[in-house]
Amino acid sequence: MADRVTVIGWDGSPLTAAARAALGAATLVAGAAHHLALPEVPPTAERIRLGSVALAARRIAAHRGTAVVLADGDPGFFGVVRTLRAPEFGLEVEVVPAVSSVAAAFARAGMPWDDAHVVVAHPRTLRRAVNVCRAHTKVAVLTAPGAGPAELGLLLDGVHRTFVICEELGTDREQVTVVTSDNAADHTWRDPNVVIVIGGPVAATEGGGWIAGRDPAAGPRGWTLPAEAYDAELGEGETEPLRAAQLARLGPRVGDLVWDIGSASGAFAVEAARAGAAVIAVDRDPAACARAQAAARRFGVQLQVVQGIAPHVLENLPEPDVVRIGGGGAAVVSAVADRRPQRIVTHAATRDAAELVGRDLTEHGYRVQCALLQSVELDTRHWTEKERSVAFLLSGVLPDRAP
């Protein structure tokens, strides 16, 4: 095992005295090509071109001597430190950090970033990173080859965002470019780069915030809100108990894309967005689309609202993770199931209609649950019945995509 392992962050500025001392004593140095070309790297040290951090960690663990790993920015922030400290390698590391690439990018843009979401995009996680950019107004994306600004822009089709693209930060080739998301694919971008994605107004918090990212206490408390909060008449498929049960069955979360088909007032769409998910609200009625957009503005969430008739309008929408079907019948349920989301939830007014939908979902490979929900709202001034609602709640879970 290596006698000592020091991880040095590099942001393009001169190395600190501690970093120079550790590097000068190194008998093995691992890093990218531009790190290994630094003049402070001892000419007699063994050099490892850093590709797979796990493979490098195994070689370091087998090395007899002093090892240094060089990494861009802060190596403890989505960096190499996590892998190097994995129990399987048995390495104890010292870290000499530098300014993270995210901090440097926001500094170049002259923007605060304590309210930003930070995501890593590579081909496997690109879709989820895009969903975060759909759902939130300020996101920093740490990109990778095949998951860069061009790919982000293409997958954000239909959603307007502004990109601040910071290429090769800390080098003499550093460049900062501002483009709209629909134009990002028209350029070739150099790696590594960080993309700051801005969409919609970013609220200013008097005196600063108290938690990084979006404030979870923003807006009223509760998964669902009463009808009066939406300043609109809600339909029979939008009762608060039914919406709460649908949210519980779907469990929308950050990184998800939710379809709300037959969004009506937009109440469910807004509540899914408040949970941190990206949401596309679909309705055939222009007035309903306008109500959904107004509700999103009122509660400060991001919605993409699409007017059209399902199932045809669904063909060009990006792949969903979970779907609520508020209307459209068995044809829409079947079309949605063909897209293979993890979870589907809908409701029916009669047992026969519920059975028809349930059989369709079962034939598509979903594990189906159905419950009869009955709620009675009481007037607590006189403790008399005020409103009664009954609905069959159906949900389908795709076992090979759970959870």
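Note that the structure is a prediction, hence the values are computed from the model and not measured.

Quick notes on the rules
- Residues numbered from 1 in each chain as written.
- Predicted model: local features only at pLDDT ≥ 70, side-chain atom pairs only at ≥ 80, totals over all residues.
- Heavy atoms only, no water.
- Pairing = 2+ DSSP bridges.
- Helix = DSSP H or I, 4+ residues; strand = E, 2+ residues; numbered from the N terminus.
- Axes fitted to C-alpha atoms, helices over the stretch in contact; angles between N-to-C directions.
- Contact = heavy atoms within 4.5 Å.
- Buried < 20%, exposed > 50% of the residue type's maximum accessible area, 1.4 Å probe, protein only.
- Right-handed = clockwise from strand over helix to strand, strands pointing away.
- Parallel < 35°, antiparallel > 145°, perpendicular 65-115°, else oblique.
- Left-handed = near helix turned anticlockwise from the far one by under 90°.
- Nonpolar A, V, L, I, M, F, W, Y, C, P; charged D, E, K, R; others polar.
- Arc of directions from axis to C-beta.

(A) Inspection of the sheet that holds strand β14 (residues 322-325) at higher detail. Strand order in this open sheet of seven strands is β13-β12-β11-β14-β15-β17-β16, and the pairing throughout is mixed. Each having just a single partner strand, β13 (304-307) and β16 (367-379) make up the two edges of the open sheet. Direction aside, the axes of adjacent strands within the sheet are offset by 20° on average. With four bridges joining them, β14 and strand β15 (residues 343-348) adopt parallel strand pairing. Within β15, the position partnered with V322 by the bridge is R343. In the packing of helix α6 (residues 126-135) onto the sheet, the strands contacted are β11 (257-261), β12 (278-283) and β13, and the crossing angle to β12 comes to about 70°.

(B) Main features of the pairing of strand β6 (residues 117-120). Of the two faces of β6, only the one carrying H117 and V119 is buried; V118 and V120 on the other face are not. Relative to strand β7 (residues 138-142), β6 runs parallel, the two being bridged by four bridges. Counterpart to V118 in the pairing with β7 is A140. In this view, the connection linking β6 to its parallel neighbour β7 by way of α6 has right-handed handedness.

(C) Fine view of the packing of helix α11 (residues 329-338) against helix α12 (residues 351-363). Two numbers describe how α11 lies on α12: the axes approach to 10 Å, and their chain directions differ by 20°. For the element pair α11 / α12, the angle class is roughly parallel. In the packing of α11 onto α12, the handedness of the crossing is right-handed. Residues A330, V333, S334 and A337 of α11 touch α12, and the partners they reach there are L356, V357, D360 and L361. Of the residues belonging to the contact of α11 with α12, the class tally is six nonpolar, one polar and one charged.

(D) How the structure looks around helix α3 (residues 53-62). Taken as a whole, α3 has its buried residues at V53, A56, A57, I60 and A61. Each buried residue of α3 sits inside an arc of 140° when the element is viewed along its axis, so together they form one side. Facing away from the buried side of α3 by over 90 degrees, the exposed positions are L55 and A62. Against β1 (4-10), β2 (28-31), β3 (46-49), β4 (66-72) and α4 (81-84) lie the buried residues of α3.

No statement about biological role is implied by the geometric values presented.
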